[in-house]
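Next come the chains, spelled out residue by residue.
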Amino acid sequence: MSRQTFIYNSLMPRESKTAKKARALRIIAALKKAYPEVECTLNFDSAWELLVGGILAAQCTDERVNKVTAELFPRFPNLEDYVEAELESVEEMVRSCGLYRNKAKNIKASAEMLIKDFDGVVPDSQEDLMKLPGVGRKIANLIYSDYYGHPAIVVDTHCGRISRLLGLVKASDPAKIEQELAAILPSEEWTDWGHRLVTHGRVCCRARKRTCLLCAVNRDCAYAQARADELSERLAEGDLEHDFFRR
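The shown structure was predicted, so the numbers you read here are calculated from the model rather than taken from an experiment.

The next subject is helix H10 (residues 157-165). Most of H10 is tucked away, with 7 of its 9 residues classed as buried. Every buried residue belonging to H10 is among His 158, Cys 159, Gly 160, Arg 161, Ile 162, Ser 163 and Leu 165, and all of these are buried. Between the side-chain oxygen of the N-cap and the backbone nitrogen of His 158 there are 3.2 Å, and the N-cap of H10 in question is Asp 156. Looking one or two places after H10, you find Gly 167, whose phi comes out positive at around 80°.

This part covers the packing of aromatic side chains. Using the criterion set out here, one finds 3 aromatic pairs in the structure. An angle of 75° between the planes, with centres 5.3 Å apart, marks the rings of Trp 48 and Tyr 82 as edge-to-face. With a gap of 34 residues between them, Trp 48 in helix H3 (residues 47-56) and Tyr 82 in helix H5 (residues 79-84) connect regions that are remote in the sequence. By relative accessible area, Trp 48 is classed as buried at 8%.

The next subject is the nonpolar core. In terms of nonpolar packing, the biggest core is built from 40 residues, with Trp 48, Leu 56 and Leu 72 touching the most fellow members. Taken together, the elements giving at least two residues each to this core come down to H3, helix H4 (62-75), H5, helix H6 (87-94), helix H7 (100-117) and helix H9 (137-147). What Trp 48 contacts, discounting residues up to four positions off in sequence, is Leu 79, Tyr 82, Ile 107, Ser 110, Ala 111, Leu 114 and Val 122. Grouped together as the second largest cluster of nonpolar side chains are 30 residues, Ile 153, Val 169, Leu 197 and Ala 224 included.

Once that is clear, we can look at the packing of helix H2 (residues 17-34) against helix H12 (residues 190-203). Running from N to C, H2 and H12 point in directions that differ by 60°, and their axes come no closer than 11 Å. By the angle class used here, H2 and H12 are oblique. The handedness of the crossing between H2 and H12 is left-handed. Taking contact as the criterion, the partners of Ile 27, Ile 28, Leu 31 and Lys 32 in H2 are, on H12, Trp 193, Arg 196, Leu 197 and His 200. Partitioned by chemical class, the residues of the contact of H2 with H12 number 5 nonpolar, 1 polar and 2 charged.

This next bit is on unusual backbone geometry. Phi at Gln 59 is positive, roughly 55°, even though this residue is not glycine. Tracing the backbone through its elements, the reader meets Gln 59 in the loop between H3 and H4. Given the relative accessible area of 76%, Gln 59 is considered exposed. The phi torsion at Leu 99 lies on the positive side, around 45°, for a residue other than glycine. Tracing the backbone through its elements, the reader meets Leu 99 in the loop between H6 and H7.

The rules behind each value
Residues numbered from 1 in each chain as written. Predicted model: local features only at pLDDT ≥ 70, side-chain atom pairs only at ≥ 80, totals over all residues. Heavy atoms only, no water. Buried < 20%, exposed > 50% of the residue type's maximum accessible area, 1.4 Å probe, protein only. Helix = DSSP H or I, 4+ residues; strand = E, 2+ residues; numbered from the N terminus. Polar contact = N/O pair within 3.5 Å; in protein donor to acceptor, adjacent residues only side chain to side chain. Phe/Tyr/Trp six-rings, centres within 6.5 Å; stacked < 30°, edge-to-face > 60°. Core = buried A, V, L, I, M, F, W, Y, C linked by side-chain atoms within 4.5 Å. Contact = heavy atoms within 4.5 Å. Axes fitted to C-alpha atoms, helices over the stretch in contact; angles between N-to-C directions. Parallel < 35°, antiparallel > 145°, perpendicular 65-115°, else oblique. Left-handed = near helix turned anticlockwise from the far one by under 90°. Nonpolar A, V, L, I, M, F, W, Y, C, P; charged D, E, K, R; others polar.

Written as structure tokens, this is what we have:
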């Protein structure tokens, strides 16, 4: 845990698991009101396309991935096309996503494994999904939830960062964050929790410029409450337009 995370978590009143669950429900309600329609930000028409997008999205923006897959998917419409393609040709198409050699290798290897071991079908099982090259817990949960419709929490950068800022979790390891969130969030909210935090992280709670006065959940956020005095002083000085205490 970072020193900053420790400071604002320590300033949040100690709360029971019941109280934290209640606070989480208030946060969910506020985020639903702020962002009523949310969905996966990767473009896909099949489980395989979502898997490829998930692999390419490592340390890359979804916007960039969507630009790449808009050309990649028509070029290689079937699993067999990836298997038969020269590795260099796949590398060249995904180069702009970064880490392109490893990503291209994992995409080809996953296509080969799906044909060999899963009859060409992306499995509907987190355990089997994580057997595929390049697929960890995050991508497995992404496919399991956004394609197959099962409840799962996708802990990406936004989800982990904002869940800690809110004071809902203390861990920094994605697997532990997932466990802590699963213990307090209703399972029917797991999938959209990640999507809403992605949107919230882009619109309001940006990593380098958080607009706490505009935030729909500032009353239930550990970070915002730890900064309440500072924010009210800035408001009194007239340099912010929105009233932190009336949200």
